[in-house]
Each structure stands twice: as structure tokens, then as C-alpha cells.
Amino acid sequence: MPEGPAGRKRDGSPFWRPWAGLLLSAIVVWSSLSAGLCMAERRDPKSGKIRLLNIGADAIPGTASPLVVLFSDPLISQQAVPLYSSIFDMETTRRFMRVYMPRSKSTLVSDFDLILISDATVDNFPSKYFPWMVSAVREDGLGMLTTGGSAMYGGKGMYPSWDKATIAEVFSVTFEPNDFYDVRALGKPPIPIVPVDRDNEFVSSLPWKTAPPINYLIHRVQARLGAIVLLEAGLPQRYPLLVYWDVGEGRCTNLIFDWYPWRIEPFQEWSYYIDFATNLIYFSAGIRVPQDLETVHRYRFLLSTYLDKRTVLLSLLNFVESFGANTNVVEAAIAKVDAEYAKAQQLYREQRWDEGLQLLKQVHSSLSSLEQKAIVLKQRALFWIYLTEWLAVTAVLLLSGFVLWTLMIRRRLYGEVRSTRLRQADQA
């Protein structure tokens, strides 16, 4: 239709109105795509490790967090910031924040690759940190992973909600305060975990059919436009359990339940519990998630048990050395085995799983041989102690037997009494 005066059609409507809907749709699509761009891999360029800023209750020593075990992972290094209001008073928390948190946004970006907030309390954070974190994710490509129970997301009871915090801007979910599905409070059966996006590398890396259910509580959240739901609750309501999106240059991954084993009793019994936590950290940092589950699972097990076996061996050598044994040969061999173990760690970081696993098996075999040598050294060192003890006990036994035989059986030292004066007087 021809245009009229003042840029209007002859029917009086503005000429640009038909294009408004298309423009709005294009903006929405562009926003969704910008949030869904793939995050670039984040790790230390020197060591090849994911530098993790671990904030919250999982950073507290002595807890049953899976992070206690997975920090033997060669691909992860961590800076712990203990933070939980029901455990520490406010002054202690402030001191932890001053000592362990980055002093500036530039330090946060240069020294860390992934921010983990695990069951932390929002009121313990000074206000300056959240803008740093938001900017670090959006503009500098850091990853963020959040997880937790009562204290995270909507909060519960005494815990404040995170819904109004600045950092919630980059969360892949929205939520309301105190909005929970509490299995125990409702008297409901545990919640099954159901995979949604089976093509996602994290989801495809684990056997979800064997995953135990959740026996605690979950927050009722909604995935944002452009976010991707990876796991959901096996309930009619299909509440999201794991959601992520690539926002700006970085990635934010939100696990909607607490991975504390003492709160999710069935889940801690899962054979791949540590693989779940480790792979989730990889994924949140943009690192390629391994798909050969059994190989990597065995690899991680041998990495963690090596440290335990080595500690026992060194304790045995210290014990043997205290008795004067020469342990230099075994200690030199341990240094060589440690070098092979370091190579196995490097192969792990390079994700050369088969090659690294074979090397690690040889490392364990070598360590077992050194244990046998240490046992032989112990037996040699203690031989003279055992011999001395045997000689001492035998000597005491022989001496005691001789005295007993002399006094009680032979009676050589006793003389017979022939007659006494009293007896002689009686006879007279």
C-alpha cells in the first residue's frame, strides 16, 4: 500500500508496524543465542589444572563432601573458603573471607577458572564480591557451579534466599524464597533422577539407570529462557535438577540439590558418586568430559589409593629406620615411582586415559614390590630384637629352673638335723 504523509500508510497506521514483531523476535532469538554460545575451556595454562575457588560448607574440613575425595584429581586444584553461618560466627566468617577470598576482581579472573558456591549462606558475602563474580563469568569466561540444600537458592528456615542477590543474574534458573519439595517433610518416597538431554557430554558420561534417588529436599526452580535442563526429578511435576547456560563468555551450572552424602543417603552409595561430582566440575569449567566411564573410574580409584599406600609405606620405613635399618635403597626407589606417578597424572590431565591407566597399574605394582622389600627390612631389623628378647627370656627361665631344682628337689644346701640339746636331755 502506498505511503501517506509523515511516513504513514494511507490507512493511517505507521509503516514500520509490520516489522515490529519480526524485530522483537530477532532480539529474543539473538539473546537466546548469545546466552547459549559454547564456553571456551578454562584451566591454568601452566599446570593444566582447573583452579577452583571453593566457597561454602563443602570447603569445611571434616564434612562428608565429595570434594574431600575428588581433590586427589590431577585436573583440579582448589582454594577453600569455609563459609556457613550455622557453623561459624560472623566474625570468624569475615576473617575467612578476608584471608581466602581474592582481593580484587582482576585477581579472581587471573587466579581462578571456576567458582563453586556449595551450600553457602548469601548473607555472609560482602556486597563487593557478587558484581566481580557476575563480570568474571559474563566478560572474562569463568565458570560457575552452585549446589546446596537448605542454604542455597530459596533458603530455608533461618537461611535467607538468594533470589534478590546480584549474583542470581547469571543463574540459569529462577526461584522463589522457601519454595521446596521436601521428601521427608511430605512423607514422600525418594525422588528419582531422570536425564533429559542425553546428547550432552556430562549426561552421556554416567549410567543414570544405576543412580540412587534423592532422599532430602529440592528447590522448585524454573529454567530461564535459553537455559538447558540436563536432569529433572522423576515426579509428575518434572522439577529441574540440573540446569546450565553459557551466558556471555562464561558458563553457569546450577545443581538444585545438595550433594552432601549425609543428606542424600542413597546417593552417596552410588558407585559413580565421585565421577558425578568430578565430571560436573569439568563440564562447568568447559573441559571435555571423558566418555570412557569404566576406564576413567578405575583411573581415579588408583590415583586416590596410591597416596594411601604410599603413606603407609613411608610410615613403615620410618618405623624400621628407628631401629637402625638402612632404608636408602627403598627410599630411592620410591622417588622413581613418584616420578612415574607424576607422569600418570600428566597423562590424566591430557586425557590419554588408556596409556595413563596402564602406567598407573605399573606404578601400583612397583609400590607393592617396595612394600614387600620394606617388610623384609622390618623383619631383619627386628630379628636381633626378637633374638635378644628370646635369649633374655630363656636365660631367666634356665636360671629360675636351676634355683628351683637346687632348692626344692635336690636340696643340696639343706643338712639333716641329727640331734638337739633338748632331745639329748630327754634321753638322759
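Residues numbered from 1 in each chain as written. Predicted model: local features only at pLDDT ≥ 70, side-chain atom pairs only at ≥ 80, totals over all residues. Heavy atoms only, no water.

Visitor: Please clarify how the packing of aromatic side chains should be interpreted in this entry.
Guide: Both the distance between ring centres and the angle between the ring planes are used here to describe each pair of aromatic rings. Considering all chains together, one arrives at 26 aromatic pairs under this definition. An angle of 15° between the planes, with centres 4.0 Å apart, marks the rings of tyrosine 306 and tyrosine 341 as stacked. With a gap of 35 residues between them, tyrosine 306 in helix H9 (residues 293-321) and tyrosine 341 in helix H10 (residues 328-349) connect regions that are remote in the sequence. Of the two residues, tyrosine 306 and tyrosine 341, both sit in the buried class. Following the ring pairs from residue to residue traces out a cluster consisting of Phe202, Trp208, Tyr244, Phe257, Phe267, Trp270, Tyr272, Tyr273, Phe276 and Phe283. In this arrangement the basic side chain of arginine 95 is found over the ring face of phenylalanine 96, its NZ or CZ atom lying 5.7 Å from the centre. Cation over ring: arginine 251 sits above phenylalanine 283, and NZ or CZ is 4.4 Å from the ring centre. (Phe/Tyr/Trp six-rings, centres within 6.5 Å; stacked < 30°, edge-to-face > 60°. Helix = DSSP H or I, 4+ residues; strand = E, 2+ residues; numbered from the N terminus. Buried < 20%, exposed > 50% of the residue type's maximum accessible area, 1.4 Å probe, protein only. Lys NZ or Arg CZ within 6 Å of the ring centre and 35° of its normal.)

Visitor: Help me understand the sheet that holds strand E4 (residues 143-147), please; the structure alone is not making it clear to me.
Guide: Strand pairing in a sheet relies on backbone hydrogen bonds, with the paired strands running either antiparallel or parallel. If you walk across this open sheet you meet the eight strands as E2-E1-E3-E4-E10-E9-E8-E6, and the pairing is mixed. The two strands at the open ends of the sheet, each matched to only one other strand, are strand E2 (76-82) and strand E6 (193-195). Each neighbouring strand pair of the sheet contributes to a mean axis angle of 15°, computed without reference to strand direction. Across four bridges, E4 lies against strand E10 (residues 250-255) in parallel orientation. By the bridge assignment, threonine 146 is partnered in E10 with asparagine 254. The strands touched by helix H5 (residues 129-140) are strand E1 (50-56), strand E3 (114-118), E4, strand E9 (240-247) and E10; relative to E10, the strand with the most contacts, the crossing angle is about 120°. Contacts between helix H8 (residues 273-284) and the sheet are confined to E1, E2, E3, E4, strand E8 (228-233), E9 and E10, with E10 contributing the most and set at about 150° to the helix. (Pairing = 2+ DSSP bridges. Axes fitted to C-alpha atoms, helices over the stretch in contact; angles between N-to-C directions. Contact = heavy atoms within 4.5 Å.)

Visitor: Would you explain the packing of H9 against H10 in this entry?
Guide: The geometry of a pair of packed helices is captured by two quantities: the angle between their axes and the separation between those axes. Between H9 and H10, the shortest axis-to-axis distance is 12 Å and the interhelical angle comes to 165°. On the basis of their axis angle, the class for H9 and H10 is roughly antiparallel. In terms of crossing hand, the pair formed by H9 and H10 is left-handed. Along the contact surface, H9 presents Tyr299, Arg300, Leu303, Tyr306, Leu307, Arg310, Leu313, Leu314, Leu317 and Glu321, while H10 presents Val330, Glu331, Ile334, Val337, Asp338, Tyr341, Ala344, Gln345, Leu347 and Tyr348. Of the residues assigned to the contact of H9 with H10, the class counts are 14 nonpolar, one polar and five charged. (Parallel < 35°, antiparallel > 145°, perpendicular 65-115°, else oblique. Left-handed = near helix turned anticlockwise from the far one by under 90°. Nonpolar A, V, L, I, M, F, W, Y, C, P; charged D, E, K, R; others polar.)

Visitor: Any chance you could explain the nonpolar core here in plain terms?
Guide: If you look at the biggest cluster of nonpolar residues, it comprises 70 residues, and the most contacted ones within it are Phe202, Trp208 and Phe276. For this core, the elements supplying multiple residues, two or more each, are E1, E3, E8, E9, H8, H9, H10 and helix H11 (353-410). Here the element with the most residues in this core is H11; it accounts for 10 residues. Excluding its chain neighbours within four sequence positions, the residues that come into contact with tryptophan 208 are Ile193, Pro195, Phe202, Val203, Leu231, Trp270 and Phe276. In this structure, Phe112, Trp132, Tyr153 and Phe171 belong to the second largest nonpolar core, which totals 40 residues. (Core = buried A, V, L, I, M, F, W, Y, C linked by side-chain atoms within 4.5 Å.)

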